[in-house]
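# Observations on chain architecture
Listed here are the chains, written in short residue letters.
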Amino acid sequence: MLWRFFRKQTAAARAAAGPKAKEMKMKNLSGLPARTIDTLLFDLDGTLIDLSPKATRLFYLRAFSRFRPLFNPLSFFLSFKTSMKALLANRSDRFNHDVFLEHMARCGRTTPDAVDRLVSEMIEKDFRSLKPYFTPVARARDTVCLAKALGYRLAIVTNPVFPARTVLYRLDWAGLDAADFFWITHSQNMNRTKPGVAFYTELLARLALDPARCLMIGNSPEEDLPARDAGIRTFLVQTPLSARAIRKSLADKRLDACGGYDDLMEWMRKEKEPPS
């Protein structure tokens, strides 16, 4: 959820501002099975694009104002939090977005359509105004472009708690073209969420993917490593915001490899070299 992501980024930024950590010992990519992986599943927030923690306050202020016809600030905050909890707990066949709308409508004693109209307005008029607070992760775009040039299949596998437009805007702000990805998760096309393994099994089943041929590329041990329990290999990208969490996860058997984007690009080039 958006508020949860803001809080996570704020905490990570504070940690990164502390004393410089020692260089992290990597789990080398050479441990991955050779010439097997043909599909790269990229997380989005913290992996391809970062957000300044200053945006948290601005988001809430603008959301409070946008939803004022239905909620006062306190009731909006409580209703939003409750509805997001319902979304994260979704075990039905309804899309996550519909679950969120239904709970918000119930809290505001209105209809899902009325809530959806305000959500759409908030995305187009308020969320888009946060663009200056998003920054592409260094070398992420280069990695995606190289992967495309080398013939990998690419998907965006972000936690599907946001509507499609918010994901597409963030991809654009990261300097990426949505058309380069054969699938992009969002709250309007998925009915499970990270960090549940069910999210990854749903993804595999829906796209008819062989997990042994996929690599999950993310920054969060909590949200991205459960992919391994679904049979998907995992790679965590080391950035200033993710380094500490990754160091603590080096002993996690679900982590296949970690390092920087340059390490990942070197591995991709070697993987695509003609056999000698």
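Anyway, here's the lowdown on the structure attached to this text. (Residues numbered from 1 in each chain as written. Predicted model: local features only at pLDDT ≥ 70, side-chain atom pairs only at ≥ 80, totals over all residues. Heavy atoms only, no water.)

## Observations regarding the overall build of the protein chain
The helix and strand inventory of the protein chain stands at 11 helices and eight strands. For 276 residues, the compact-globule estimate of 2.2 N^0.38 gives 19 Å, and the protein chain sits close to it at 19 Å. For the protein chain, the proportion of its 276 residues judged to be buried stands at 51%. Pairs at least 24 residues apart make up 74% of the contacts formed inside the protein chain by residues separated by at least 6 positions. Here the protein chain has roughly 13000 Å² of accessible surface; of this, 53% comes from carbon and sulfur atoms. Here the protein chain carries 44 positive and 30 negative side-chain charges, and the mean point of each set is 6 Å from the other. (Helix = DSSP H or I, 4+ residues; strand = E, 2+ residues; numbered from the N terminus. Rg over C-alpha atoms; globule rule 2.2 N^0.38 Å. Buried < 20%, exposed > 50% of the residue type's maximum accessible area, 1.4 Å probe, protein only. Contact = heavy atoms within 4.5 Å. Areas by Shrake-Rupley, 256 points an atom, 1.4 Å probe, with all protein chains shown as cover. Lys, Arg positive; Asp, Glu negative; His and termini not counted. Charge placed at Lys NZ, Arg CZ, Asp CG, Glu CD.)

## Let's talk about the packing of aromatic side chains
Per the counting criterion, the structure on display carries 16 aromatic pairs. Members of the aromatic cluster, joined through ring pairs, are Phe59, Tyr60, Phe64, Phe67, Phe71, Phe76, Phe77, Phe80 and Phe100. The ring of Phe182 is capped by Arg153, whose NZ or CZ atom sits 4.1 Å from the centre of that ring. Over the ring of Tyr169 we find Arg165; its NZ or CZ atom is 4.7 Å from the centre of that ring. (Phe/Tyr/Trp six-rings, centres within 6.5 Å; stacked < 30°, edge-to-face > 60°. Lys NZ or Arg CZ within 6 Å of the ring centre and 35° of its normal.)

## Focus on helix H4 (residues 96-108)
In an α-helix there are 3.6 residues to a turn, and that puts residues three or four apart on one side. Spanning 13 residues, H4 covers 18 Å between terminal C-alpha atoms, matching the ideal 18 Å at 1.5 Å per step. Of the residues making up H4, those classed as buried are Asn96, His97, Val99, Phe100, Leu101, Met104, Ala105 and Gly108. On its buried side, H4 packs onto helix H3 (73-88) and helix H5 (112-126). Where H4 ends, the next residue or the one after it, Arg109, has phi of about 55°, a positive value. (Expected span 1.5 Å × (residues − 1).)

## Some points on the environment of Ser83
With respect to the helices, strands and loops of the structure, Ser83 is situated in helix H3. Taking relative accessible area as the criterion, Ser83 reaches 0% and is therefore assigned buried. Once you skip the residues sitting within four places of it in the chain, Ser83 turns out to touch Phe100, His103 and Met104.

That is the geometry; function is a separate question.
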